[in-house]
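Structural characterization, general
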Amino acid sequence: MVELTPEQQEILQEAKNLEIGNILVVNALAGCGKTSTLLEIAKDNPDKRFLYLAFNKKVVQEAQKKFPENTRAYTLHGFARGYVGRKEIRYINNHLIANIVGIDISESKENFYKVNHIYDAYRNFCKSAIDLDNLEELKNEIRQELEERYKRKPVKNSKWVIKQRLEAVDYVPNIHKEILNSNFTTFDTFLKEFVTTAHKRVFNYDYIVLDEAQDISKLLSRFIISLVESGRYRIIIVGDNNQKIYGFLGNINLSKLLEDSYPDRVIKKQLTTSFRFELNSEMEILANKILNLRGEKIVGGGKDIQGDGRTAYLSRGTFPLLSMAIFQISNKDSYYLYGGVENFDTDEIGDIYKLLTYTIELSKTIPGFSSLSQEEKISRLQEHRGKIPFPQFRNSYLRNFSSFLELLEYVTAHGLSDIEDKINIALFIFKYRDEVIFNRENRGENIVIRFFNTIEKYSDENSPNILSTIHKSKGLQFENVVILRSLTVIYKDIDNIFVHEGTSSNILGLTKTDRSIYGYTLDNSDFQKLSKYLKQYEKDEGNIFSFPENGEKPKLDISIRDRKPILSELVLNSSIQNIKEEYNILYVAVTRATHSIKISNSYYKASLEFLDFVNDNIEELKNILNGKYSPLLIRVGNRMGIEYKNSFISLETLKEFLPKI
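What you see is a predicted model; the values in this text were computed from it and never measured. (Residues numbered from 1 in each chain as written. Predicted model: local features only at pLDDT ≥ 70, side-chain atom pairs only at ≥ 80, totals over all residues. Heavy atoms only, no water.)

**Considering the confidence of the model for the protein**
What counts, and what does not: How sure the predictor is of each residue is captured by pLDDT, a score from 0 to 100. Note on contacts: a residue pair is in contact if any heavy atoms of the two residues lie within 4.5 Å.
Of the residues in the protein, 88% reach a pLDDT of 70 or more, and the chain-wide mean stands at 86. Across residues 536–548, confidence stays below pLDDT 50; counting only partners more than four residues off in sequence or on other chains, it has 29 contacts.

**A closer look at the packing of helix α13 (residues 282–291) against helix α21 (residues 579–590)**
Heads up, the rule is: Note on geometry: axes are lines fitted to C-alpha atoms, helical ones only across the stretch in contact, with angles between N-to-C directions running from 0 to 180 degrees. A run of H or I in DSSP counts as a helix once it spans at least four residues, and a run of E counts as a strand once it spans at least two, with each numbered from the N terminus. What sets the label is the angle itself: under 35 degrees gives roughly parallel, over 145 gives roughly antiparallel, 65 to 115 gives roughly perpendicular, and the rest give oblique. In this scheme the handedness of a crossing depends on how the near helix is turned from the far one: anticlockwise by less than a right angle means left-handed, clockwise means right-handed. Think of it as three bins: nonpolar holds Ala, Val, Leu, Ile, Met, Phe, Trp, Tyr, Cys and Pro, charged holds Asp, Glu, Lys and Arg, and polar takes everything else, Gly as well.
Where α13 contacts α21, the two axes come as close as 9 Å, and the packing angle between them is 165°. One way to sum up the angle between α13 and α21 is to call them roughly antiparallel. By crossing handedness, the relation of α13 to α21 is classed as left-handed. Of α21, the residues touching α13 (which contributes Met283, Leu286, Ala287, Ile290 and Leu291) are Tyr583, Leu586, Tyr587 and Val590. Partitioning the contact of α13 with α21 into residue classes produces nine nonpolar, no polar and no charged.

**Re the packing of aromatic side chains**
So the rule is basically this: Pairing of aromatic rings covers Phe, Tyr and Trp, the last counted by its six-membered ring, and requires centre-to-centre distances within 6.5 Å; plane angles under 30 degrees mean stacked, over 60 mean edge-to-face, and any other angle means tilted. Residue burial is assigned from relative accessible area. The probe radius is 1.4 Å, only protein chains are included, and a residue is buried under 20% of its type maximum, exposed over 50%, and partly exposed in between.
Overall, the coordinates contain 29 aromatic pairs when judged by the stated rule. Each ring, one from Tyr113 and one from Tyr410, has its centre 5.8 Å from the other, and the planes form 80°; the classification is edge-to-face. Taken as a pair, Tyr113 in helix α6 (residues 109–127) and Tyr410 in helix α17 (residues 404–413) lie far apart in primary sequence, 297 residues in all. Residues Tyr113 and Tyr410 agree in their burial class; the two are buried. With 5.0 Å between their ring centres and 55° between their planes, Phe613 and Tyr644 make a pair best called tilted.

**Some points on the side chain of Ser315**
Our working rule: Between N or O atoms, a polar contact is any pair within 3.5 Å; within protein, one atom must be a potential hydrogen donor and the other a potential acceptor, and residues adjacent in sequence are included only when both atoms are from side chains.
Within the fold, Ser315 resides in strand β11 (residues 311–315). A distance of 2.4 Å separates a polar side-chain atom of Ser315 from the backbone oxygen of Gly317. Residues within four places of Ser315 in sequence aside, it is in contact with Pro320, Leu321, Ser468, Thr469, Ile470 and Leu484.

**Topic: the sheet that holds strand β13 (residues 465–469)**
Note the following rule: A pair of strands is labelled paired if DSSP reports no fewer than 2 bridges between them.
Read across the sheet, five strands follow the order β12-β13-β11-β14-β19 without closing on themselves; strand pairing throughout is parallel. Looking along the sheet, the strands with just one partner apiece sit at the ends: β12 (336–337) and β19 (593–599).

Written out as structure tokens, the structure reads:
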């Protein structure tokens, strides 16, 4: 038996004594022996049957190798597949949906747009915990999600867009029943059907173990809750609350839900000693910059850690990885693109690329094209359609658009983010189309196919250089980690396509507004006036920095102290959906390394520097948020706040931002 930490020994004992119907919830920080603890639990109870569920297929495959014979390890899809038959599985897409509902998407933009909404509505239904007889609740969820999204990223006619999506929900029952009664199924459909009937089944296991419980879909949450409600099983829930990074998919923290819903049945434990890195290592220090603000702490406990020689290049998005692959190939260095290129829809990206190059060539036949407005460009391109051969598409919906600019405007205006991502990739490939590596062979291939085939061809699973998104790196570790710069395709129109290397020093969750302002310091003698001033901002919910809904803003009369110029203001970045999850992503990235970490991403560097400031001044910031005096306070006009690196952060912003880290 391996040597266990006191925390692991305590969890082992709790698991052995766990009563049927009760739930053991373990918050396991990064690298803290979660898998080895679960392995020891299974070994320590050889007469009991364990069901181990995880999302990542590789994690499950590793578990199948390591766990004893009394344990069965599955992904939820793999587990469900054994109970819902063996129909042919088809991937759900717009074409499949169009065939079921009988709408020809090549006939008009309106048909394409309608089917796109129906497709999204069905995916929303399958991922939700909602039944067919309660679709009004689904509509409410969709309405709320879209309203929040369009607040962050406004689109034209957002109310009309939401209305279209809600009307699309009415097609869901027919689609679901049609697939259930057909000779095929989809991953979404059979999983939905399995979960909705799970309460009628009895599974021959004593322990149900769920890994990565901090980040699961509402559908899987329903499955686990049905097991809890049955009272037949001992449930073990393991996760790291600080690694919840899929909130944008509607995922929830099941650990927290169970703690709140079943307080009398939940036993809470934690693992805080990381075997991944050593005590006082850079990884420990960086992770604790975030964890300290959440009342948690990770302790490096690794000893004589053997490096595996691998360096992981991690990024928040896909573009830096594609760029890094090109760089490695050009320099004749090896790499392994984790996850490969199979998740890219090369057919659709290829069609969009064709439309882009067609538009560029057609624009050359129009006099004075570059000086026209965007609206005039689209109009002139429509008038000249057919002047040069129009491309043939595999995705028939693209025939509805006379140019790339028309597609771009339509997609942006209607909030079709999935297609917008494919547009960005097509633009990215256009940027790198002349790279020598794509001109070595197979010249007759579509450039998009050539691009992805080249990246796949040179990707070597045995390479010590791993390219991965931070999201996909969860559960993995590497000797060295490099967090790449952000890289974003920026475009105004086809005359201005380029790839932007991110250099901004904005802090995650805050954005800078450049304007010259002046701040004034305060001393304690002014604070009685300040306290009364702050009191007037108080609301029922206790947000003392919100202005009253009625009446004039109160005036603050405090004598001027030291006057100093401040060059900008940091305000809340409303485009970020979940600030805490952005810091969780940073936490995941810095805890993948066993030996060294380098950060070239300017956002992350600026954010970690800001966290240093917050941790160094945590008591003063608490005083400020509690309405007490602090020497950090300054006044700008009639607003109170603090200065950080020659930028002003108002009390209102601090009050809203700091609790979200």
